[in-house]
Amino acid sequence: MNITLIKEELHYHTGDRVTNKDLKATLQRLYDKYQIKEKAKATHIVRYGYQTKRCKIRIGDKRIDGVEIISQK
């Protein structure tokens, strides 16, 4: 099943902080690779066994919306 394949290709660890933009790009690349006809959203990461919480990530002088990986199943 595609869920298992995508889960194997996601390499996030507890404590990682990822911008929504980067997370969506990663998921969309995998959706395209496995021909999943769906638009990726950062919140889809929970489908693959990750628990997250919203956070702000400082990049330069800006604070960007993102998620912090709390745990993975």
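These remarks concern the structure in this document.

Cut-offs and rules
Residues numbered from 1 in each chain as written. Predicted model: local features only at pLDDT ≥ 70, side-chain atom pairs only at ≥ 80, totals over all residues. Heavy atoms only, no water. Core = buried A, V, L, I, M, F, W, Y, C linked by side-chain atoms within 4.5 Å. Buried < 20%, exposed > 50% of the residue type's maximum accessible area, 1.4 Å probe, protein only. Helix = DSSP H or I, 4+ residues; strand = E, 2+ residues; numbered from the N terminus. Polar contact = N/O pair within 3.5 Å; in protein donor to acceptor, adjacent residues only side chain to side chain. Contact = heavy atoms within 4.5 Å.

Turning our eyes to something else, we now look at the nonpolar core. Counting 16 residues, the largest nonpolar core has Ile6, Leu10, Tyr12, Leu23, Tyr48 and Tyr50 as the members making the most contacts within it. Every element with two or more residues in this core is listed here: helix H2 (20-33) and strand S3 (62-72). Here the element with the most residues in this core is H2; it accounts for 4 residues.

Right, let's talk about the side chain of threonine 19 for a bit. Tracing the sequence through the fold places threonine 19 in strand S1 (residues 17-19). A distance of 3.1 Å separates a polar atom in the side chain of threonine 19 from the backbone nitrogen of aspartate 22. Sequence-distant contacts of threonine 19, that is, excluding residues within four places in its chain, are made with Ile57, Ile59, Ile64, Asp65 and Gly66.

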